[in-house]
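Residue strings, one per chain:
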Amino acid sequence: MDGRVKNPLEDWLAGLGRIALLTREAFASLLTFKLAWKDFMYQLYFIGVKSQAVVLITGAFTGMVLTTQTYFQFHKVKMDTASLAVTGVSMCDELGAVLAGLMVAGRVGAAIAAEIGTMRVTEQIDALRTLATHPVDYLVVPRLLAMLVAMPILTVECIALGIGAGYFVGTYLLNIDPVFLWYNMVKYTKDVDMVIGTSKAVVFGGIVAIVGCYKGMNCGEGAEGVGRATTEAVVYSSITILISNFFLTLLLSWLLGIL
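The shown structure was predicted, so the numbers you read here are calculated from the model rather than taken from an experiment.

Definitions and limits used
- Once a new chain begins, its residue numbering starts again from 1 and follows that chain's sequence as written.
- Given that the model is predicted, a residue must reach a pLDDT of at least 70 before its local features are reported, and side-chain atom pairs must reach 80 or more before they are shown or counted; all residues, however, enter totals for whole chains, interfaces and linings.
- Side-chain calculation: all heavy atoms of the structure are included, whereas hydrogens and water are not.
- Numbering of helices and strands runs from the N terminus, with a helix taken as a DSSP run of H or I at least four residues long and a strand as a DSSP run of E at least two residues long.
- For each residue, the accessible area found with a 1.4 Å probe, counting protein chains only, is set against the maximum for its type, and the residue is called buried under 20%, exposed over 50%, and partly exposed in between.
- Residues count as neighbours in contact if any of their non-hydrogen atoms are within 4.5 Å of one another.
- Charge counting treats Lys and Arg as positive and Asp and Glu as negative, with His and both chain ends excluded.
- In this description, the location of a charge corresponds to atom NZ of lysine, CZ of arginine, CG of aspartate or CD of glutamate.
- Salt bridges are counted wherever a side-chain nitrogen of Lys or Arg sits within 4 Å of a carboxyl oxygen of Asp or Glu.
- Any pair of nitrogen or oxygen atoms within 3.5 Å is treated as a polar contact; in protein, a donor-acceptor pairing is required on top of that, and neighbouring residues in sequence qualify only through side-chain atoms on both sides.
- Put simply, a disulfide is two cysteine sulfurs that come within 2.5 Å.
- Each helix should span, by expectation, one fewer than its residue count multiplied by 1.5 Å.
- Working definition for bend: take the seven residues up to and ending at a residue and the seven starting at it, fit an axis to each, and measure the angle between the axes.
- In this analysis, axes come from line fits to C-alpha atoms, helices being fitted only over the stretch in contact, and the angle between any two N-to-C directions falls in the range 0 to 180 degrees.
- Left-handed describes a crossing in which the near helix is turned anticlockwise from the far one by less than a right angle; the clockwise case is right-handed.
- Residue polarity follows a fixed list, in which Ala, Val, Leu, Ile, Met, Phe, Trp, Tyr, Cys and Pro are nonpolar, Asp, Glu, Lys and Arg are charged, and the others, Gly among them, are polar.
- To pair, rings of Phe, Tyr and Trp, with the six-membered ring standing in for Trp, must have centres within 6.5 Å; the planes then decide the type, stacked if under 30 degrees apart, edge-to-face if over 60, and tilted in the middle.
- Remark: a charge is flagged as sitting over a ring if the NZ atom of Lys or the CZ atom of Arg is within 6 Å of the ring centre and within 35 degrees of the ring normal.

Comments concerning the overall build of the chain
Part 1 of the argument: The helix and strand inventory of the chain stands at nine helices and zero strands.
Part 2 of the argument: When its C-alpha atoms are laid out on the principal axes, the chain stretches across 70 × 45 × 35 Å.
Part 3 of the argument: Considering the chain as a whole, with its 259 residues, one finds that 45% of them fall into the buried category.
Part 4 of the argument: Considering only contacts within the chain whose residues lie at least 6 apart along the sequence, 84% involve residues at least 24 apart.
Part 5 of the argument: Computed over 18 positive and 19 negative side-chain charges, the inter-centroid distance for the chain is 1 Å.

Here it is as structure tokens:
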């Protein structure tokens with residue numbers, strides 16, 4: 001103890017710098033193909049396959065409620081058949097990637113932080129260094145690459161099921177003409193909307209992986225430290241996704257010529 005009072009801003013900036021260094025090191029290692037393929041395949045299964053249920057349920061009911069609420073407003077001005085178009089654009093541009101990112105952050109981000117945090121507390125990370133195995137190569141890179149691959153796929157599934165569920169609700173529950181409902185959705189949902197959504201998904205996947213690994217590798221001692229790291233991984237990942245989503249929307253819209 002040096003008797004200094006901790007400065008929250010200084011601690012936050014120092015943590016931001018450490019995350020930046022970890023990100024640089026992870027991508028540098030990724031570009032050298034120092035990858036344990038067995039670990040990568042397991043993480044791809046754990047992140048992609050086992051997250052499908054929660055992502056698909058979220059996407060389906062979001063598409064259903066979005067179509068229903070849009071119909072309630074559009075019905076007042078006789079624009080019923082445009083209800084699914086709003087759902088399609090919203091799911092492709094924003095909701096698909098954001099909801100998938102938040103669900104994966106809650107499920108996978110917590111698991112990553114808890115697993116690596118436990119390894120740190122039990123000194124397994126120090127043992128890796130003793131065996132001349134770099135922790136970033138062994139722990140971070142497989143999770144990061146698996147997240148970058150799985151998140152766009154999960155997002156596309158979330159979007160597809162959301163639109164499909166919205167179409168079902170619009171056709172069978174709200175009695176909207178199915179032909180014009182689908183025609184308007186296809187007409188107003190452009191390819192660029194899917195590009196924006198999947199591009200965001202890649203960034204969100206990287207955020208969840210990096211934050212989860214960072215919190216796990218820098219957690220405090222004991223069970224309390226692991227628990228705090230797990231909670232912070234989910235909270236920080238979710239907040240970062242929501243904040244970055246705004247700036248990504250502006251950037252991608254400008255790059256793709258929408259603005």
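Focus: unusual backbone geometry
Part 1 of the argument: A positive phi angle, close to 65°, is found at Glu-123, a residue other than glycine.
Part 2 of the argument: Structurally, Glu-123 can be placed in the loop between helix H4 (83–121) and helix H5 (124–130).
Part 3 of the argument: A positive phi angle is found at Asn-175, which is not glycine, with a value near 60°.
Part 4 of the argument: Using a relative accessible area of 65% as the deciding quantity, one classes Asn-175 as exposed.

Description of the pattern of salt bridges
Part 1 of the argument: The full count for this structure, using the stated rule, is four salt bridges.
Part 2 of the argument: For the salt bridge of Glu-94 with Lys-200, the shortest nitrogen-to-oxygen distance reads 3.0 Å. Highlighted residues: Glu-94 in helix H4 and Lys-200 in helix H8 (residues 191–217), separated in sequence by 106 residues.
Part 3 of the argument: With relative accessibility at 25%, the residue Glu-94 sits in the partly exposed group.
Part 4 of the argument: Taking the shortest distance from any N to any O, the salt bridge between Glu-224 and Arg-228 comes out at 2.8 Å. In this pair, Glu-224 and Arg-228 are both assigned in helix H9 (residues 222–255), four residues apart and thus about one turn of the helix distant.
Part 5 of the argument: Accessibility expressed as a relative area gives 58% for Glu-224, which makes it exposed.

Things to note about the side chain of Asp-80
Part 1 of the argument: Within the secondary structure, Asp-80 is located in the loop between helix H3 (52–74) and H4.
Part 2 of the argument: For the buried Asp-80, no salt bridge is present, and the opposite-charge side chain at shortest range is Lys-78, 6.7 Å distant.
Part 3 of the argument: One polar contact links Asp-80 to His-75, side chain to side chain, over a distance of 3.0 Å.
Part 4 of the argument: Excluding anything up to four places from it in sequence, Asp-80 contacts Tyr-71, Phe-74, His-75, Ile-176 and Leu-181.

Topic: the state of the cysteines
Part 1 of the argument: Applying the stated criterion across every chain yields a total of zero disulfides.
Part 2 of the argument: Take Cys-92: it sits in no disulfide, and the sulfur closest to it among the cysteines is that of Cys-158, at 10 Å.
Part 3 of the argument: This cysteine, Cys-213, is not joined by any disulfide, and Cys-219 carries the nearest cysteine sulfur, 12 Å off.

Examining the environment of Leu-181
Part 1 of the argument: By the element assignment, Leu-181 lies in helix H7 (residues 178–188).
Part 2 of the argument: Judged by relative accessible area, which is 0%, Leu-181 ranks as buried.
Part 3 of the argument: The spacing of Leu-181 and Thr-81 is 100 residues in sequence and 4.5 Å in space, taken between C-alpha atoms.
Part 4 of the argument: Setting aside its immediate chain neighbours within four residues, Leu-181 contacts Asp-80, Thr-81, Leu-84, Tyr-167, Gly-170, Thr-171 and Ile-176.

Some details on H9
Part 1 of the argument: In this model, H9 (34 residues) spans 47 Å end to end at C-alpha, consistent with the 50 Å of a helix rising 1.5 Å per residue.
Part 2 of the argument: When the local axis directions of H9 are compared, the greatest deviation, roughly 25°, occurs at Asn-245.
Part 3 of the argument: The positive-phi residue at the C-terminal boundary of H9 is Gly-257, with phi of around 80°.

Comments concerning the packing of H4 against helix H6 (residues 135–173)
Part 1 of the argument: Running from amino to carboxyl end, H4 crosses H6 at an angle of 145°, the nearest separation of the two axes being 8 Å. Here H4 and H6 pass one another in a crossing that is right-handed.
Part 2 of the argument: Across the contact of H4 with H6, the residue classes tally to 18 nonpolar, seven polar and two charged.

As for the packing of aromatic side chains
Centre distance and the angle of the planes are the two values used to describe a pair of aromatic rings.
Part 1 of the argument: Tallying each qualifying case throughout the model produces six aromatic pairs.
Part 2 of the argument: Taking 6.3 Å as the distance between ring centres and 15° as the angle between the ring planes, the aromatic pair formed by Tyr-42 and Phe-46 counts as stacked. Of this pair, Tyr-42 and Phe-46 both sit in helix H2 (residues 37–49), four residues apart, which is roughly one turn of that helix.
Part 3 of the argument: Overall, Phe-46 belongs to the buried group, its relative accessible area being 18%.
Part 4 of the argument: A cation sits over an aromatic face here: Arg-107 above Phe-46, 4.5 Å from the ring centre.

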